[in-house]
Amino acid sequence: MARVLLLNGPNLNLLGTREPGIYGTETLESIEKRAAELAREAGHELLAFQSNAEAELIGRIQRASAEGIGFLIFNPGAFTHTSIALRDAIVGVRLPFIEVHLSNLQAREPFRRHSYFTDIAVGSIAGLGAFGYELAVRAAVRQLARSS
Ligand code: DQA
């Protein structure tokens with residue numbers, strides 16, 4: 001049994017009502033619930049955390065290994081395009097992760113095309129809406145089986 005952390009960055013707490021044409025109508029609570037169910041079915045535990053604050057996300061990542069978390073699924077929200085500090089935190093604790101975005105970053109504004117996370121991620125999923133989180137859990141389960 002491994003522990004997986006599902007981490008979501010700023011404004012993702014607004015999912016359901018936030019720009020539904022881009023991000024869909026599913027709430028974060030429902031996404032987190034399904035992700036936890038999928039992980040449980042595979043024999044793992046999934047914890048979920050969302051914050052609008054960079055410092056809180058960094059703190060959560062730094063605490064992860066002390067809490068026995070072996071894998072991260074991360075949607076950094078707008079910090080994707082700005083946060084060297086979050087990137088450094090993940091590299092610093094050597095936590096393998098999958099990057100998830102609901103929208104297709106490459107099909108949006110030019111400032112969304114660069115991510116500080118893609119090159120250090122095990123893999124990235126973008127443009128598939130809430131289903132991307134399900135795929136990320138399945139991929140995390142496979143990665144955990146490979147590395148155990
Ligand atoms: C997002 C894409 C980001 O550019 C944006 O700032 C978000 C959500 C996504 O899931 O598509 O907040 O990460």
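So, here is what we can say about the structure in this document. These figures come from a predicted structure and were not determined experimentally.

In terms of regular secondary structure, the chain is built from five helices and five strands. Along the chain, helices and strands appear, N-terminal first, in the series β-α-α-β-α-β-α-β-β-α. Judged by the C-alpha coordinates and their principal axes, the chain covers about 40 × 30 × 25 Å. The buried share of the chain, reckoned over its 148 residues, is 47%. Considering only contacts in the chain between residues 6 or more positions apart, those separated by 24 or more positions represent 76%. Accessible surface for the chain amounts to roughly 7300 Å². Of this, 52% is attributable to carbon and sulfur atoms. Within the chain, the 15 negative side-chain charges are centred at a point lying 4 Å from the centre of the 15 positive side-chain charges.

Our next topic: unusual backbone geometry. With a phi angle near 30 degrees, E19 is a residue other than glycine that sits in the positive phi range. Relative to the elements of secondary structure, E19 occurs in the loop between strand 1 (3–8) and helix 1 (20–23). Even without being glycine, R94 reaches a positive phi, approximately 55 degrees. Within the secondary structure, R94 sits in the loop between helix 4 (84–93) and strand 4 (97–101).

With that settled, the discussion passes to the sheet that holds strand 1. In a beta sheet, neighbouring strands are held together by backbone hydrogen bonds and run either parallel or antiparallel to one another. Strand order across the open sheet formed by five strands is 2-1-3-4-5, with parallel pairing between neighbours. This sheet does not close on itself; its edge strands, each paired only once, are strand 2 (45–50) and strand 5 (123–126). If you compare each strand with its neighbour and ignore which way they point, the axes differ by 20 degrees on average. Summarising the sheet, strand 4 and strand 5 pair through four bridges and their orientation is parallel. Each residue of the ladder has a partner; that of E99, found in strand 5, is S124. The sheet contacts of helix 3 (residues 54–64) involve strand 1, strand 2 and strand 3 (69–75), and relative to strand 1 the element is tilted by about 170 degrees.

The subject of this paragraph is the site of the ligand. Residues in contact with the ligand, as listed here, are R18, Y23, N75, G77, A78, H81, H101, L102, S103, L105 and R112. Take A78: an N or O atom from its main chain is 3.2 Å from an oxygen atom of the ligand. Within the side chain of H81, one N or O atom sits 2.7 Å away from an oxygen atom of the ligand. Relative to its unbound accessible surface of 320 Å², the ligand loses 99% to contact with the protein.

In an α-helix, one turn spans 3.6 residues, which is why side chains three or four residues apart end up on the same side. Its 14 residues give helix 2 (residues 28–41) an end-to-end C-alpha distance of 20 Å, which sits within 8% of 20 Å, the value for a rise of 1.5 Å per residue. On its buried side, helix 2 packs onto strand 1, strand 2 and helix 5 (131–147). Phi turns positive one or two residues past the end of helix 2, at G43, with a value near 90 degrees.

About the cut-offs
Residues numbered from 1 in each chain as written. Predicted model: local features only at pLDDT ≥ 70, side-chain atom pairs only at ≥ 80, totals over all residues. Heavy atoms only, no water. Helix = DSSP H or I, 4+ residues; strand = E, 2+ residues; numbered from the N terminus. Buried < 20%, exposed > 50% of the residue type's maximum accessible area, 1.4 Å probe, protein only. Contact = heavy atoms within 4.5 Å. Areas by Shrake-Rupley, 256 points an atom, 1.4 Å probe, with all protein chains shown as cover. Lys, Arg positive; Asp, Glu negative; His and termini not counted. Charge placed at Lys NZ, Arg CZ, Asp CG, Glu CD. Pairing = 2+ DSSP bridges. Axes fitted to C-alpha atoms, helices over the stretch in contact; angles between N-to-C directions. Near = heavy atom within 4 Å. Polar contact = N/O pair within 3.5 Å; in protein donor to acceptor, adjacent residues only side chain to side chain. Expected span 1.5 Å × (residues − 1).

In short, shape yes, function no, at least from these values alone.
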